[in-house]
Amino acid sequence: MRDTDLAGRRRRTRSRNRTGWGRWIMSAESIASTGQNEAFEAATDLDIDDVDIEKDRRAAGAVAAVRQQAYLGTATPEAVRNFAHSYGDDNPLWTDPDYGTGTRWGGQIAPQIIAAILNTPLRGDPLPRELRGGSYRGIHAFVSGGTWQWYRPVHAGDRLYSFKGLESVEVKKSEFAGRSVIRVNREVKFNQRGEVVGVYRTLIILTARRKAREAGKYKQVPAPSYTSEDIAALDAVYAAETVQGAAPRWFEDVSVGEQLGTMAKGPLTTTDMIVFHAGGYGFVPYGLMTSRLNWRNRQRIPAFYIPNEYGVPDVAQRVHWDSAWAQAVGTPRAYDYGVLRECWLHHRLTDWMGDDGFVVRQHDEIRKFNYHGDIQYISGSVTGKRQEDDMNLVDIALTAVNQRDEQTVIGEATVALRSREHGRSLLPQPPADLQQMVWNIMERDAELRAQQEPTRRQ
């Protein structure tokens, strides 16, 4: 490409993006003249728009079939194994296709939290524009917690679908970044048999990047430095971890106050982020791409790309592996995903409960960032037990603490165990209205497929 052609394209790009986030999409020459710091300041100089908040309020309660393809749509045996490995789980119930034939499940199953990352597109009616909610362009969003309610396991070969919508929106004052918007998204996951697998509510916090940077609440967090003795102590925690596996965790033997034991995760590295993405978390919702596909993605969502120190447009999502960009939004270093820590809590539960167990509910609240270099020590304790709806239920409190002895996550869960007296717990039943919604959405998908079939044949 000639230099004149490149310059012309830059001029056209600037003319197409004079409003909204487009005002901070800069050329390489601009980066060079102003410096990376000024470029980052320009990229974060946007506030929460009241118009977006009002759009969210109108959209709350509306749902629609999810029509996007996730990185993975089917829980193939390899996908199940790779996803488990992506967050450090080597339980043979997930990773060995033959192991599960001797369990109550009759074959390989997936860790239940895999439902968070699987989705196959549905055909469905799109929401009207007035019910799609706010776009919050240029505003930083991070997962602050989530709640799962599960009803069915995910078997190897299952294909998952979903419908979702904004459940609620709230405006609050934030120590981190002044005013913030708290959104709760609800996603209902179901399989090809129309069985409700689970309901996932995610708490999303939206903050203005500039205000977070100016507040500097987390700037003074020291960078960790480990000695060989520190790593040896961490390795001892890893070496002591066990998987309950085939030996039943009997309901009668569990007592209130019982400790689950400590599980270690970290120190967090860029490698961990790569492994989690590649293992199944994928590159949604923004569709991270490379080469020509990346160019096309930049045309689709130009505001998502912020020039790096080389003047190259790169994704805003790089806060999870690029510490310089993370500092531009007010944090000292790159940090993990909330979903990753939810997987870690799930790992702590499934290692403890054994092959017969089933996680009925999992809730977490993320209290602090987990920065690159940090270690998380995850533990839990039994807080209650009861029999309900033909299930032998155990309530568990969960927590994660880093190497600075800061509590970074709190959570709670309910698992169903096997009983000597009553046998294995039955699976929970989904609400009848939810099941009806799933069948209606599947029926609409089939109608739209039938309408489009003649067109494809012509």
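Keep in mind that what you see is a predicted model, and the values were worked out from it rather than measured.

**Quick notes on the overall build of the protein chain**
For step 1, the next point in the chain: Within the protein chain, the secondary structure is distributed over 13 helices and 12 strands.
For step 2, the next point in the chain: Counting the 458 residues in the protein chain, one finds 50% classified as buried.
For step 3, the next point in the chain: For the protein chain, the accessible surface area stands at approximately 21300 Å², while carbon and sulfur atoms represent 49% of it.

**Section: the side chain of glutamine 376**
For step 1, the next point in the chain: Here glutamine 376 is to be found in strand β10 (residues 376-388).
For step 2, the next point in the chain: By relative accessible area, which is 0% here, glutamine 376 ends up buried.
For step 3, the next point in the chain: Side-chain polar atoms of glutamine 376 contact the side chain of asparagine 370, separated by 2.9 Å.
For step 4, the next point in the chain: Here the side chain of glutamine 376 touches threonine 408 through a polar contact of 2.6 Å, side chain to side chain.
For step 5, the next point in the chain: Those residues in contact with glutamine 376, other than ones at most four positions away along the chain, are Met263, Ala264, Lys265, Trp344, Asn370, Ala400, Val401, Asn402 and Thr408.

**Observations concerning the packing of helix α9 (residues 270-281) against helix α12 (residues 338-353)**
For step 1, the next point in the chain: The contact between α9 and α12 brings their axes to 11 Å, and the two run at 80°. Here α9 is positioned roughly perpendicular relative to α12, judged by the angle of their axes. Every residue of α12 that contacts α9 at Met273, Phe276 and Tyr281 is listed here: Val339, Leu340 and Cys343.
For step 2, the next point in the chain: Split into classes, the residues belonging to the contact of α9 with α12 amount to six nonpolar, no polar and no charged.

**Observations regarding the nonpolar core**
In a soluble, globular protein the nonpolar side chains are often hidden away together inside.
For step 1, the next point in the chain: If you look at the biggest cluster of nonpolar residues, it comprises 57 residues, and the most contacted ones within it are Trp352, Val394 and Val415.
For step 2, the next point in the chain: Tyr305, Val315, Val319 and Ala328 belong to the second largest nonpolar core, which has 14 residues in total.

**Re the confidence of the model for the protein chain**
For step 1, the next point in the chain: Summarising the model, the protein chain shows a mean pLDDT of 88, and 85% of its residues fall at 70 or more.
For step 2, the next point in the chain: Note on residues 1-35: pLDDT is under 50 here. Beyond four places in sequence and across chains, it has 45 contacts.

**Some details on the pairing of strand β5 (residues 196-208)**
For step 1, the next point in the chain: With 11 of 13 residues buried, β5 lies mostly within the body of the structure.
For step 2, the next point in the chain: One ladder, built from 11 bridges, connects strand β2 (residues 139-150) with β5; its direction is antiparallel. Among the inter-strand pairings, threonine 147 is bridged to a residue of β5, identified as arginine 201.

**What about the environment of proline 332?**
For step 1, the next point in the chain: Take proline 332: it is sitting in the loop between α11 (323-328) and α12.
For step 2, the next point in the chain: In sequence terms proline 332 and valine 221 are 111 residues apart; their C-alpha atoms lie 6.8 Å from each other.

**What to know about the packing of helix α5 (residues 77-86) against α9**
For step 1, the next point in the chain: Packing of α5 against α9 brings their axes to within 7 Å, and their N-to-C directions diverge by 155°. The angle between α5 and α9 falls in the class roughly antiparallel. Viewed along their axes, α5 and α9 form a crossing whose handedness is left-handed. Contact with α5, carried on its side by Ala79, Asn82, Phe83, His85 and Ser86, involves Val275, Phe276, Gly279 and Gly280 of α9 and no other residues of that element.
For step 2, the next point in the chain: Here the residues of the contact of α5 with α9 are counted per class, giving four nonpolar, five polar and no charged.

Conventions used here
- Residues numbered from 1 in each chain as written.
- Predicted model: local features only at pLDDT ≥ 70, side-chain atom pairs only at ≥ 80, totals over all residues.
- Heavy atoms only, no water.
- Helix = DSSP H or I, 4+ residues; strand = E, 2+ residues; numbered from the N terminus.
- Buried < 20%, exposed > 50% of the residue type's maximum accessible area, 1.4 Å probe, protein only.
- Areas by Shrake-Rupley, 256 points an atom, 1.4 Å probe, with all protein chains shown as cover.
- Polar contact = N/O pair within 3.5 Å; in protein donor to acceptor, adjacent residues only side chain to side chain.
- Contact = heavy atoms within 4.5 Å.
- Axes fitted to C-alpha atoms, helices over the stretch in contact; angles between N-to-C directions.
- Parallel < 35°, antiparallel > 145°, perpendicular 65-115°, else oblique.
- Nonpolar A, V, L, I, M, F, W, Y, C, P; charged D, E, K, R; others polar.
- Core = buried A, V, L, I, M, F, W, Y, C linked by side-chain atoms within 4.5 Å.
- pLDDT = per-residue confidence, 0-100.
- Pairing = 2+ DSSP bridges.
- Left-handed = near helix turned anticlockwise from the far one by under 90°.

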